[in-house]
Amino acid sequence: MRTIKIKKCKNCQYCERLYRQIIKFWKMQRFVCVKCNKLIKLNDSCEQWQRKVIEYDFSPERFDYVEKCLRDIVDIYKKDVK
């Protein structure tokens, strides 16, 4: 596992994307610190920094939903091929 050496907002648990907008070849993104409740830049840093926790959803409901969606895609493909 890779360790985080520099504590910046882009690696923080409280950093969230507020919105994203693409204008031609330019991508505009705004980020907010949920803990401090202020707009931030990804290279900023503060004393509230906390390691980002990544959680995975392996629930049966999620897999059932994905199976249903895949069946629908297969059905649509079969209709289009005929």
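Below is a summary of the structure that appears in this document. On a predicted model such as this, the values are computed, not experimentally measured, just so you know.

**Some thoughts on a nonpolar patch on the surface**
Phase 1: A contiguous nonpolar surface patch, about 530 Å² in accessible area, is contributed by Ile54, Tyr56, Phe58 and Phe63.
Phase 2: Mapped onto the fold, Phe63 is located in helix 1 (residues 60-81).
Phase 3: Residue class for Phe63 comes out partly exposed when judged on its relative accessible area of 43%.

**Quick notes on the sheet that holds strand 3 (residues 38-40)**
Phase 1: Taken together, three strands build an open sheet; the order of strands is 1-2-3 and the sheet is antiparallel. The sheet is open, and its two borders are formed by strand 1 (15-23) and strand 3, each paired with just one other strand. Put simply, the sheet's adjacent strands are angled 30 degrees from each other on average, direction ignored.
Phase 2: With eight bridges connecting them, strand 1 and strand 2 (residues 26-33) associate as antiparallel partners. Residue pairing across strands places Ile23 opposite Trp26, the latter belonging to strand 2.

**Thoughts on the pattern of salt bridges**
Phase 1: All chains considered together, the criterion is met by two salt bridges.
Phase 2: Note that Arg71 and Glu67 form a salt bridge whose closest N and O atoms lie 3.5 Å from each other. In this pair, Arg71 and Glu67 are both assigned in helix 1, four residues apart and thus about one turn of the helix distant.
Phase 3: Among the ionic pairs, Asp72 bridges to Lys68, the shortest N-O distance being 3.3 Å. With a gap of four residues between them, Asp72 and Lys68 both fall in helix 1, about one helical turn apart.
Phase 4: The partly exposed category is assigned to Lys68, whose relative accessible area is 45%.

Rules of the game
Residues numbered from 1 in each chain as written. Predicted model: local features only at pLDDT ≥ 70, side-chain atom pairs only at ≥ 80, totals over all residues. Heavy atoms only, no water. Patch = residues over 30% accessible without salt bridge, like charges linked within 9 Å, V, L, I, M, F, W, Y side chains within 5 Å. Areas by Shrake-Rupley, 256 points an atom, 1.4 Å probe, with all protein chains shown as cover. Salt bridge = Lys/Arg side-chain N within 4 Å of Asp/Glu carboxyl O. Helix = DSSP H or I, 4+ residues; strand = E, 2+ residues; numbered from the N terminus. Buried < 20%, exposed > 50% of the residue type's maximum accessible area, 1.4 Å probe, protein only. Pairing = 2+ DSSP bridges. Axes fitted to C-alpha atoms, helices over the stretch in contact; angles between N-to-C directions.

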